[in-house]
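Structural features, examined
Each chain, written out:
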Amino acid sequence: MFYQPKSISEALDLKAELKERGVFIAGGTDLVVLMNRGVKVAENFIDLTHIPGLATINTRNGTIELAGDTTFAQCGRLPVRCLALASLSVGGPGIRELGTIAGNLATASPAGDGSTALLALDAEVELTSVRGVRKLALEKFFLSYRKTALASDELITKLSIPANYRSDWLKNGKRGAVNISVVAAAVALTPKKEARIALASVAPFPVRCHKAEEVFAKGGDAGQVAEIVRTEIKPITDHRASADYKTHLAGVMVRRLLESLCGN
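Residues numbered from 1 in each chain as written. Predicted model: local features only at pLDDT ≥ 70, side-chain atom pairs only at ≥ 80, totals over all residues. Heavy atoms only, no water.

As for the overall build of the chain
Scanning the chain for helices and strands turns up ten helices and 14 strands. Relative to the 2.2 N^0.38 estimate, which gives 18 Å for 264 residues, the radius of gyration of the chain is 18 Å and therefore close to what a compact globule would have. Counting only C-alpha atoms, the chain reaches 55 × 45 × 30 Å along its principal axes. For the chain, buried positions account for 53% of its 264 residues. When contacts within the chain are restricted to residue pairs at least 6 apart in sequence, those whose partners lie at least 24 apart make up 58%. Of the accessible surface of the chain, which amounts to about 12300 Å², a share of 53% is contributed by carbon and sulfur atoms. (Helix = DSSP H or I, 4+ residues; strand = E, 2+ residues; numbered from the N terminus. Rg over C-alpha atoms; globule rule 2.2 N^0.38 Å. Buried < 20%, exposed > 50% of the residue type's maximum accessible area, 1.4 Å probe, protein only. Contact = heavy atoms within 4.5 Å. Areas by Shrake-Rupley, 256 points an atom, 1.4 Å probe, with all protein chains shown as cover.)

Description of the sheet that holds strand β11 (residues 166-173)
The four strands lie next to each other as β11-β12-β13-β14, forming an open sheet whose pairing is antiparallel. Each edge of the open sheet is held by one strand with a lone partner, namely β11 and β14 (207-208). In this structure, strand β12 (residues 181-189) lies alongside strand β13 (residues 195-200), joined through six bridges in antiparallel fashion. Within β13, the residue paired with Ala188 across the bridge is Arg196. Sitting on the sheet, helix α7 (residues 113-120) is in contact with β11, β12, β13 and β14, with an inclination near 25° to β12. Sitting on the sheet, helix α10 (residues 243-262) touches β11, β12 and β13, and the angle it makes with β12 is about 30°. (Pairing = 2+ DSSP bridges. Axes fitted to C-alpha atoms, helices over the stretch in contact; angles between N-to-C directions.)

Observations concerning the sheet that holds strand β2 (residues 22-25)
If you walk across this open sheet you meet the three strands as β1-β3-β2, and the pairing is parallel. Each edge of the sheet is formed by a strand with only one pairing partner; in this case those strands are β1 (2-3) and β2. Pairing geometry for β1 and strand β3 (residues 44-47), over two bridges, is parallel. Looking at the pairing, Phe2 lines up with Phe45 of β3.

Right under this line is the structure:
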């Protein structure tokens, strides 16, 4: 069945009834790929594209709020460098116009570009169901490979990020466009000059490098931080690159990003 609710409450009522037998769909850029591969995604689809306000961006009290169905194309126009660059590195123009930031999070891909940038920005995710609203740090949202804290009756309704972080982004892929990351890195500096370091494709899900951040806080330079990054991550060898290459590359990318942000 294909449902087209006209309000969030209607969509949440449907999800509460269907649970695992229903799935939310907006851009469908991940779900359709799975379906084309013969994967049975769900028996029922709840289309979110007819609900007003689910793709809006607002700024209030120094915080940028992204509604769940905000697209990568929209994020690519934000004055938040790491998120804008990460969003513009996702697929081609058609994918970016359809693909949503909430869909990227729910997929929990180890190579999630948007997820990685948001981790470096200390993003907070809002999850809504008929039971109410709860908020949690994005870092606590990812549990394991392709597994998140999203309950079977919940919808990602909002993401909040600070507007005053300075940030940057680097991505390495096997071709110039429409590429999945071999490694991607996002680094942000808070107004207090604290570092936030996040990486994709080096663990079962996008991760923060807290030990490396602590080294930076204690006065470590970019090279020292990069060495700690290499000890924190646990990449695997796959068809894109070896684990050793990913480990080396992650350090190089973090060093370059820190040097750029710190003016060294």
